[in-house]
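Fold and geometry: a report
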Amino acid sequence: MKIILLGPPGAGKGTQAKVMAEKLQLPHISTGDLLRGNVKSQTPLGQEAKDFMDKGMLVPDELVNKMLIERFGSDDVKKGFILDGYPRNINQAKALDEILKDKKMEIDDVLYLDTSDSIIIQRISGRLVCSNCGANFHVKNMPPKVEMVCDHCGGNLYQRSDDNEETIRKRLNVYKNEVSSLIEYYKQAGKLSRIPADDEAEIVLNKIIKLIHTHNDSSKV
Ligand code: AMP
């Protein structure tokens, strides 16, 4: 299965993708995680990307596309993948089509996690991320058992530097400028399904699993 999770920052793409990847035994490919890994290791890509990320702007397509092509060079994507945070604009959607065409692959489903702004701000401003395994927590909605310690691996939790209200609003604006054309692109291709995603993570996950298992064409919008 080749799945794209589309949705604003804070829609729960990362949370859902991690669980889906485990359930479906597929790699979870998050361009945000890949970029943060590069920033942490201070690679040339990370050094170029950091400023854009801190400002809530998109990292230039050229850099992200190159990073994705490298990731798609690994064997594990042959069985399928859950793509999270990519594509972010039409240019990237077309680049992805090319990458997949080269590999004789095609996207099966684009799941659009539709979330309201107030929920997004509330989710992101309380989000905590594990510095070791990348698991997401929330100070109120999904607190870790031990303060600032990951339930899964014992790693330290931190708040992302771009998870502050000012940057969140910028990221939301960037997202809104690009998303309608992306939605149209995948709608035209008959691949888009809209998932209402204001509910708790488990409820949203059940909707997703039901949809991808039934491949119910009537859910395509
Ligand atoms: P995310 O973890 O998906 O919220 O991404 C965090 C930040 O990484 C974004 O605000 C962008 O600066 C950058 N980023 C992640 N994915 C992409 C992408 N596909 N294209 C450009 N920038 C991206």
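Here, the structure is the one placed above.
Scope of this entry: the structure provided in the associated data block. (Residues numbered from 1 in each chain as written. Predicted model: local features only at pLDDT ≥ 70, side-chain atom pairs only at ≥ 80, totals over all residues. Heavy atoms only, no water.)

Across the junction of Tyr 86 and Pro 87, the peptide omega takes the value 0°, indicating a cis bond. Along the polypeptide, Pro 87 turns up in the loop between strand 3 (81-84) and helix 5 (90-102). Within the chain, Gln 42 stands out as a residue other than glycine whose phi angle is a positive 55°. Summarising the element assignment, Gln 42 is placed in the loop between helix 2 (31-40) and helix 3 (44-54). In this model, Met 148 sits at a positive phi of 60°, which is unusual for a non-glycine residue. Among the secondary structure elements, Met 148 is positioned in the loop between strand 6 (136-138) and strand 7 (157-158). (Helix = DSSP H or I, 4+ residues; strand = E, 2+ residues; numbered from the N terminus.)

Close contacts around the ligand come from 16 residues, with Thr 31, Arg 36, Met 57, Gly 85 and Gln 92 the closest. At 3.1 Å, a side-chain N or O of Arg 88 approaches an oxygen atom of the ligand. A distance of 2.9 Å separates a nitrogen atom of the ligand from a polar atom in the side chain of Gln 92. Contact with the protein chains removes 97% of the 480 Å² of surface that the ligand exposes when unbound. Looking at the shell around the ligand, the element that brings in the most residues is helix 2, giving four residues. (Near = heavy atom within 4 Å. Polar contact = N/O pair within 3.5 Å; in protein donor to acceptor, adjacent residues only side chain to side chain. Areas by Shrake-Rupley, 256 points an atom, 1.4 Å probe, with all protein chains shown as cover.)

Time to look at the pattern of salt bridges. Under the definition given, this model contains 18 salt bridges. Across the salt bridge formed by Lys 176 and Asp 117, the nearest N and O atoms sit 2.6 Å from each other. On the criterion of sequence distance, the pair formed by Lys 176 in helix 7 (residues 165-188) and Asp 117 in helix 6 (residues 117-125) is long-range, its members being 59 residues apart. Taking the shortest distance from any N to any O, the salt bridge between Lys 170 and Glu 166 comes out at 3.9 Å. Pair noted here: Lys 170 and Glu 166 are both in helix 7, with a separation of four residues, about one helical turn. (Salt bridge = Lys/Arg side-chain N within 4 Å of Asp/Glu carboxyl O.)

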